[in-house]
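Observations on chain architecture
One-letter residues, chain by chain:
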Protein chains: 2
Amino acid sequence: MKAKDDNQRRSGEAAVEVTEGERPTLKTIAFMAGLGVTTVSRALKDAPEIGQATKNRVQLIAKQIGYRPNRAGVRLRTGKTNVISLVLNAQSSIMGLTSNMVYGISEVLSQTPYHLTVTPYSLENDPMQPIRYIVETGSADGIIMSRTEPDDPRVRYLTEHGIPFATHGRTEMGIEHPFHDFDNEAFAYLSVKSLLARGRRKIAMLAGPSPAVTYYRHLDRGFSRSIEEGGAVGVTFSGIDVDTSLGRIRDRMEEIMTGPNRPDGIVCCSGGAAIALVAGIEAAGLKIGEDVDLVSKQSTDVLKWFRPQIIVFNEDVRHAGRELARAVLRRIAGVDARELQSLSYPDEHELR
Amino acid sequence: MKAKDDNQRRSGEAAVEVTEGERPTLKTIAFMAGLGVTTVSRALKDAPEIGQATKNRVQLIAKQIGYRPNRAGVRLRTGKTNVISLVLNAQSSIMGLTSNMVYGISEVLSQTPYHLTVTPYSLENDPMQPIRYIVETGSADGIIMSRTEPDDPRVRYLTEHGIPFATHGRTEMGIEHPFHDFDNEAFAYLSVKSLLARGRRKIAMLAGPSPAVTYYRHLDRGFSRSIEEGGAVGVTFSGIDVDTSLGRIRDRMEEIMTGPNRPDGIVCCSGGAAIALVAGIEAAGLKIGEDVDLVSKQSTDVLKWFRPQIIVFNEDVRHAGRELARAVLRRIAGVDARELQSLSYPDEHELR
DNA sequence: TGAAACATTCGAAACGATACAGAATGCTTT
DNA sequence: AAAGCATTCTGTATCGTTTCGAATGTTTCA
């Protein structure tokens, strides 16, 4: 049983180096405390089968020598990556969205052992591709993603595979999953109302990216409802949406505003696009606040300074990032998905 | 020696599951090819001591079953993380900088086995803190960071520890390290020149974040040189810089432009700040292009539409991200730091 | 023919962590 | 006094990979 090579190994083991240069491991602590690594491992995670005195001693040593668990070791053994992956498309023109989202998420993660990795994809590629990659290689414990669609294959896939995730935006698939969303229906509804209050009667909206993305529908719903209630006329812009290049938005806008039945009120759901709209409106020789009123959502606060006449509503994307991060983390911790769904509401006062 | 439990273990080992559900490992391939894992490992990395026929066979199987090395395994064994960490401060007001940087970097990394993680810190905290964390925990193979200072402790620390990194911006420490920088000196120089060409004589600049950051000095150098050559008057804004909140920049600007000796030409190094400047200028009752001319660098293209009279120069941050990513990767591969230093030059034509 | 050289392949050990099944120890119970 | 039971600790196997040293078989050379 205890052959000589066993002894040799032991003597090799005894030569634990406690040199300052090397990074401490459980073995280091075990050696210093005169305990086995198993005990140390458990003591550090407050396991019930370890004596209180031992726990204290081990935890003190760990703190003193600045022990931090080796992530590769944990990951290899347990499969837990301690990584949250933010999947986003790399050409979103929504100004300030990406950075604020990143900041919001990392604000939350920095209080935890989790790291944030960014996995981008381009709109030309299959949005499923990065998702599949993450799942197949097990490279994250949780996923945050945006551009959520009513019937989103990513949501279906991740749910089937039991991977925790949270979406920015909602689905309409009857699958309960964590999300955070801005109430775009209320935004569109209130926006139109505030235009009506200014006497505007012919109102248009620059729509969300494409009907494929859910919030497009919410905007549309709120818009139509408000138009109907107000007995106004709703116009749809053809040929442009929030994903269109700003240059094309500007040009198309000029066309529309010089055309026969131009709107006198406009709702826009992105600050960047709003700037292009304004450029187009002014190129047509019209004045914001006089010939036409513009309400826009913005995620960065330059719009109001751009043209003080624009009615703006601030969407706090950083807050969304925080909410989403918290949601995935709690989902990972086993919290029911239905408890991890939240909405941000537009503040009616901002839209007056 | 070969006790009964030894046999049990072996028989357990023989039952390599090639079920579809589980992720394939080297063992899976080894079993399928009737080889040892060692051979498979080597065959996959084209080691010279493996026969060509074997290599082909192994690589074919690997491709067929979609084998991807387990990152935790590799990382634990070799210490290689396959991670590049982008360290950035989480309140940079430079519009579009963060997102474009992230996109540029991931564009390059997506062609490699590297992942991108984002490690933010707030300006109130010690910028060394995230760097130390990464080095101490060995959580990245390379680092990309910005807000580079002339005498940057992070550069010193990373160089001493032999961790590959690339900076956005230069140092002045006599340490050769990879960087990518925009030639801010040329930008300031040309900006002033273009203002002079418009007949402006009293020129001010909204400075970089603080003299602590290197590009502040470059801007200053180019500015002074150009002012001197043109025999003009240079004014320094006091109390505001590019890090100041946009609201304060606006207010201070209004003050300055209604004051006794207001400038008639302004150089600004950030698009976001430029918008605040414009707001202040207009609040003072002045018109851009008439009473005063404004040249600004921008990393997102809204400025020109904001006020067509602004003279803009586009800094391609996405390109910077690509350059930085390539630089760290090549540095990791052992390329000499001096070969990994690049500059982007402002195009004189843009500033006319 | 035997030894040396080479070409291939392999087993075992290691990286750092956790899970599992024991094993000492002291205390109660019968 | 023996058995039972908590309490507290330990050794060993394991995750997937790479690397070291060695083993196998095949050529080559004297």
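Whatever comes next refers back to the structure up there.
Please read these numbers as outputs of a predicted model, since none were measured by experiment. (Residues numbered from 1 in each chain as written. Chains lettered and ligands numbered in written order. Predicted model: local features only at pLDDT ≥ 70, side-chain atom pairs only at ≥ 80, totals over all residues. Heavy atoms only, no water.)

**Let's talk about the protein's contact with DNA strand C**
Surrounding DNA strand C, one finds 26 residues, the nearest of these being Ser41, Lys45, Tyr67 and Arg77 of chain A together with Thr39 of chain B. If you look at DNA strand C and keep only atoms within 4 Å of the protein, 57% of those are sugar or phosphate atoms. At 3.3 Å from a base nitrogen of DNA strand C is found a side-chain nitrogen or oxygen belonging to Thr38 of chain A. Residue assignment for the surface near DNA strand C shows that the elements contributing at least two residues are helix H3 (37–44) and helix H5 (71–78) of chain A together with helix H3 (37–44) and helix H5 (71–78) of chain B. Split by residue class, the surface near DNA strand C holds eight nonpolar, twelve polar and six charged. (Near = heavy atom within 4 Å. Polar contact = N/O pair within 3.5 Å; in protein donor to acceptor, adjacent residues only side chain to side chain. Helix = DSSP H or I, 4+ residues; strand = E, 2+ residues; numbered from the N terminus. Nonpolar A, V, L, I, M, F, W, Y, C, P; charged D, E, K, R; others polar.)

**Focus: the protein's contact with DNA strand D**
Surrounding DNA strand D, one finds 26 residues, the nearest of these being Thr38, Thr39 and Thr54 of chain A together with Tyr67 and Arg77 of chain B. Atoms of DNA strand D within 4 Å of the protein belong to the sugar or the phosphate in 59% of instances, the rest to bases. Between Ser41 of chain B and DNA strand D, the recorded distance is 2.8 Å, taken from a side-chain N or O atom to a phosphate oxygen. For DNA strand D, a phosphate oxygen lies 2.9 Å from a polar atom in the backbone of Asn70 of chain B. Where the surface near DNA strand D is concerned, the elements lending two or more residues are H3 and H5 of chain A together with H3 and H5 of chain B. If one sorts the elements of the surface near DNA strand D by residue count, H5 of chain B sits on top with four residues. The residue inventory of the surface near DNA strand D, partitioned by class, reads seven nonpolar, twelve polar and seven charged.

**Quick word on the pairing of strand S5 (residues 179–182) of chain A**
Residue and element names in this part refer to chain A. Every second residue of S5 is oriented toward a common face, with Phe179 and Asp181 on one face and His180 and Phe182 on the other, all of them buried. Two strands pair when backbone bridges link them, and S5 and strand S11 (residues 341–344) are joined in this way by four bridges, in the parallel orientation. Within S11, the residue paired with Asp181 across the bridge is Leu343. (Buried < 20%, exposed > 50% of the residue type's maximum accessible area, 1.4 Å probe, protein only. Pairing = 2+ DSSP bridges.)

**Brief notes about the relation of the copies chain B and chain A**
Laying chain B over chain A is done by rotating through 180 degrees and shifting 0.1 Å along the axis; what remains is an RMSD of 0.1 Å. Given the turn and translation reported, the copies of this chain are related as if by a two-fold rotation axis. Take the interface residues of chain B: 98% of them recur as interface residues in chain A, which is what a same-surface contact looks like. (Least-squares fit on C-alpha atoms with pLDDT ≥ 70 in both. Contact = heavy atoms within 4.5 Å.)

**Some words on the sheet that holds strand S8 (residues 265–268) of chain A**
All names here are of chain A. With parallel pairing, the five strands of this open sheet are ordered in space as S7-S6-S8-S9-S10. The open sheet terminates on both sides in strands that have one partner only, identified here as strand S7 (233–236) and strand S10 (311–314). The mean inter-strand angle of the sheet, taken between neighbouring strand axes irrespective of direction, is 20 degrees. Packed on one face of the sheet, helix H10 (residues 214–230) meets strand S6 (202–206), S7 and S8 and runs near 175 degrees to S6. The sheet strands contacting helix H12 (residues 271–283) are S6, S8 and strand S9 (293–298), and the helix crosses S9 at an angle near 160 degrees. (Axes fitted to C-alpha atoms, helices over the stretch in contact; angles between N-to-C directions.)

**Some thoughts on the packing of H3 of chain A against helix H4 (residues 52–64) of chain A**
All names here are of chain A. In contact at an axis separation of 9 Å, H3 and H4 are set at 90 degrees when each is read in the N-to-C sense. Accordingly, the angle class assigned to the pair H3 and H4 is roughly perpendicular. Along the contact surface, H3 presents Thr39, Val40, Ala43 and Leu44, while H4 presents Thr54, Lys55, Val58, Gln59 and Ala62. Across the contact of H3 with H4, the residue classes tally to five nonpolar, three polar and one charged. (Parallel < 35°, antiparallel > 145°, perpendicular 65-115°, else oblique.)

**Considering the interface of chain B and chain A**
Counting from both sides, the interface comprises 40 residues of chain B and, opposite them, 40 residues of chain A. The contact between chain B and chain A buries some 3500 Å² in all, and 67% of this surface belongs to carbon and sulfur atoms. Summed over the three residues of chain B that lose the most area to chain A, namely Arg68, Tyr103 and Trp305 of chain B, the buried surface amounts to 18% of that side. For the interface between chain B and chain A, the tally reads zero salt bridges. Taken together, the links from chain B to chain A amount to 15 residue pairs in polar contact (both at pLDDT 80 or more). Residue assignment for the side of chain B that touches chain A shows that the elements contributing at least two residues are H5, strand S1 (83–89), helix H6 (97–109), strand S2 (115–121), helix H7 (128–137), helix H11 (246–258), helix H12 (271–283) and helix H13 (303–306) of chain B. In the side of chain B that touches chain A, the residues fall into 19 nonpolar, twelve polar and nine charged. Looking at chain direction, strand S2 (residues 115–121) of chain A and S2 of chain B are connected through three bridges and run antiparallel. If you follow Thr117 of chain A over to S2 of chain B, its bridge partner there is Thr117 of chain B. (Buried area = accessible area lost by both parts, 1.4 Å probe. Salt bridge = Lys/Arg side-chain N within 4 Å of Asp/Glu carboxyl O.)

**Details of H7 of chain B**
All names here are of chain B. By the burial criterion, the buried members of H7 are Met128, Pro130, Ile131, Ile134, Val135 and Thr137. Those residues of H7 that are buried are in contact with S1, S2, strand S3 (142–145) and helix H8 (153–161). Gly138 occupies a position one or two residues after H7 and carries a positive phi of about 55 degrees.

**Things to note about the packing of aromatic side chains**
Counted by the stated rule, this structure contains seven aromatic pairs over all chains. Between Phe306 of chain A and Phe306 of chain B the ring centres are 4.8 Å apart and the planes differ by 35 degrees, which places this aromatic pair in the tilted class. Here Phe306 of chain B lies in helix H13 and Phe306 of chain A lies in helix H13 (residues 303–306), a pairing that spans two chains. We classify Phe306 of chain B as buried; its relative accessible area is 1%. Among the aromatic residues, ring-to-ring pairing joins Phe182, Phe187 and Phe313 of chain A into one connected group. The ring of Tyr189 of chain A has Arg225 of chain A sitting right over it, with the charged end atom 4.3 Å from the ring centre. Seen from the ring of Phe187 of chain A, Lys297 of chain A lies directly overhead, with NZ or CZ sitting 5.8 Å from the centre. (Phe/Tyr/Trp six-rings, centres within 6.5 Å; stacked < 30°, edge-to-face > 60°. Lys NZ or Arg CZ within 6 Å of the ring centre and 35° of its normal.)

**Things to note about the nonpolar core**
Leu206, Met257 and Ile266 of chain A together with Leu206, Met257 and Ile266 of chain B are the most contacted members of the largest nonpolar core, which totals 106 residues. Excluding its chain neighbours within four sequence positions, the residues that come into contact with Leu206 of chain B are Phe237, Ile240, Asp241, Val242, Ile249, Val267, Cys268, Cys269, Ala273 and Leu277 of chain B. Leu109, Ile144 and Val328 of chain A together with Leu329 of chain B belong to the second largest nonpolar core, which has 48 residues in total. (Core = buried A, V, L, I, M, F, W, Y, C linked by side-chain atoms within 4.5 Å.)

**Here's the deal with the packing of helix H7 (residues 128–137) of chain A against helix H8 (residues 153–161) of chain A**
Residue and element names in this part refer to chain A. Across the interface, H7 lies against H8 with an axial gap of 10 Å and an inter-helix angle of 10 degrees. It follows that H7 is roughly parallel to H8 by the angle criterion. Contacts between H7 and H8 involve Met128, Ile131, Arg132, Val135 and Glu136 from the former and Pro153, Arg154, Tyr157, Leu158 and His161 from the latter. The residue inventory of the contact of H7 with H8, partitioned by class, reads six nonpolar, one polar and three charged.

**What to know about the pattern of salt bridges**
According to the stated counting rule, one finds 44 salt bridges over all chains in the structure shown. With a shortest N-O distance of 4.0 Å, Asp126 of chain A and Arg132 of chain A are connected by a salt bridge. Note that Arg170 of chain B and Asp181 of chain B form a salt bridge whose closest N and O atoms lie 2.8 Å from each other. With Arg170 of chain B in the loop between strand S4 (165–168) and strand S5 (179–182) and Asp181 of chain B in strand S5, the pair connects residues that are eleven residues apart, well separated along the chain. In terms of burial, Arg170 of chain B and Asp181 of chain B fall into one category: buried. One continuous salt-bridge network, built from bridges that share partners, spans Glu185, Arg221, Arg225 and Glu229 of chain A.

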